[in-house]
Amino acid sequence: MFHTTFYLRRLHSLVGLFVLGGVVFEHIFTNSMAMGGAAALNGALAMMELIPKPIFLGIEVCAIAVPLLFHAIYGIYIALQAKNNPRNYGFARNWQFALQRWTAWYLVFFLIWHIGYLRIFTKGITGTPISYELLHTLFTTSPITTVLYIIGMFAAIFHFANGITTFCMTWGIAKGPRVQKVINCLSLCLCAVLCLITLAFMGSYFVM
């Protein structure tokens, strides 16, 4: 018997780990170049522009947008069915369970705004290239935008890092409580490191 839910949940976890994880690491790596100043960030962005536009668009749509859209839609379906269960998961894990859902909801609206404004409107419609100067002006003149962006990055980082633990549990990699605890601790440490890097490159726009 073909269990649709079984395979959809595993596809959902695969997309979350590899596609969302890839997007998170790419964004952090590229944006961290801002700590080196305008030349460093603009150079990193220029490297991406070397990819032929049809190929780059195909990657954006087929390898990023479509998988993430599936992850978001199916994730909403899962979130609407989910209920916190402190007796089974314990206090800390139950909070992580809840935060995984809350960050998912925030990311839905954040990505619509982020992609809609920077990728579709600014770069696609107006033809304005994304640059250090553009981001510097955006962040330093709009505190609300800066705060929403940092929260969005934190949400994506936590959602990905906490997803590592759930991925290992879903796929049977972490079968025992002790292994699950170790993976969970390592995942949260990764989350903390990536959040600190995010604060560092965001802060660099205000000190340079």
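Before reading further, recall that the structure is shown in the block above.
What comes next is a walk through the structure. (Residues numbered from 1 in each chain as written. Predicted model: local features only at pLDDT ≥ 70, side-chain atom pairs only at ≥ 80, totals over all residues. Heavy atoms only, no water.)

1. Digging into the packing of helix α6 (residues 143–170) against helix α7 (residues 177–207)
Relative orientation of the contacting elements α6 and α7 amounts to 160 degrees, with a least axis distance of 9 Å. When the axis of α6 is compared with that of α7, the two are roughly antiparallel. The hand of the α6/α7 crossing is right-handed. When its residues are assigned to classes, the contact of α6 with α7 shows 21 nonpolar, 7 polar and no charged. (Axes fitted to C-alpha atoms, helices over the stretch in contact; angles between N-to-C directions. Helix = DSSP H or I, 4+ residues; strand = E, 2+ residues; numbered from the N terminus. Parallel < 35°, antiparallel > 145°, perpendicular 65-115°, else oblique. Left-handed = near helix turned anticlockwise from the far one by under 90°. Nonpolar A, V, L, I, M, F, W, Y, C, P; charged D, E, K, R; others polar.)

2. Observations concerning the nonpolar core
Within soluble globular proteins, side chains that are nonpolar tend to cluster in buried spots. The biggest cluster of nonpolar side chains holds 37 residues, and the ones touching the most others in it are V24, L41, F139, I157, M202 and Y205. Among the elements of the structure, α1 (4–32), α2 (38–49), α4 (86–125), α5 (132–141), α6 and α7 are those that each provide at least two residues to this core. Here this core gets 12 residues from one element, more than from any other, and that element is α6. I157 has contacts with V24, I28, C191, L194, C195 and T198, leaving out every residue within four places of it along the chain. (Core = buried A, V, L, I, M, F, W, Y, C linked by side-chain atoms within 4.5 Å. Buried < 20%, exposed > 50% of the residue type's maximum accessible area, 1.4 Å probe, protein only. Contact = heavy atoms within 4.5 Å.)

3. Things to note about the packing of α2 against α5
It is the contact of α2 with α5, at a shortest axis distance of 9 Å, that shows an interaxial angle of 120 degrees. Packed against α2, whose contacting residues are A38, L41 and N42, the element α5 presents Y132, E133 and L135 at the interface. Here the residues of the contact of α2 with α5 are counted per class, giving 4 nonpolar, 1 polar and 1 charged.

4. Examining a nonpolar patch on the surface
A cluster of nonpolar side chains, namely L111, W113, I115, Y117, I120, F121, I125, I144 and L148, defines an oily patch on the protein surface of about 830 Å² accessible area. Looking at the nonpolar patch, the elements that each hand over two or more residues are α4 and α6. At 7 residues, the largest contribution of residues to the nonpolar patch is made by α4. Examined against the element boundaries, W113 turns out to sit in helix α4. (Patch = residues over 30% accessible without salt bridge, like charges linked within 9 Å, V, L, I, M, F, W, Y side chains within 5 Å. Areas by Shrake-Rupley, 256 points an atom, 1.4 Å probe, with all protein chains shown as cover. Salt bridge = Lys/Arg side-chain N within 4 Å of Asp/Glu carboxyl O.)

5. Regarding the packing of aromatic side chains
On inspection of all chains with the given rule, the structure shows 14 aromatic pairs. Look at F6 and Y7: their rings are 5.0 Å apart centre to centre, the planes differ by 85 degrees, and that puts the pair in the edge-to-face class. Residue classification places F6 among the partly exposed positions, given a relative accessible area of 38%. When the ring of F139 is compared with that of Y149, the centres are 5.2 Å apart and the planes differ by 50 degrees; the resulting orientation is tilted. Placement of the pair is F139 in helix α5 and Y149 in helix α6, with a sequence separation of 10 residues. For F139, a relative accessible area of 3% translates into the label buried. By the ring-pair criterion, three or more aromatic residues cluster together here, those being Y106, F110, W113, Y132, F139, Y149 and Y205. (Phe/Tyr/Trp six-rings, centres within 6.5 Å; stacked < 30°, edge-to-face > 60°.)

6. Section: the environment of T126
Mapped onto the elements, T126 comes out in the loop between α4 and α5. A sequence separation of 52 residues divides T126 from R178, and the C-alpha atoms of the two residues are 53 Å apart. Within the local environment of T126, its side chain forms a polar contact with the backbone oxygen of T122, the two atoms lying 2.3 Å apart. (Polar contact = N/O pair within 3.5 Å; in protein donor to acceptor, adjacent residues only side chain to side chain.)

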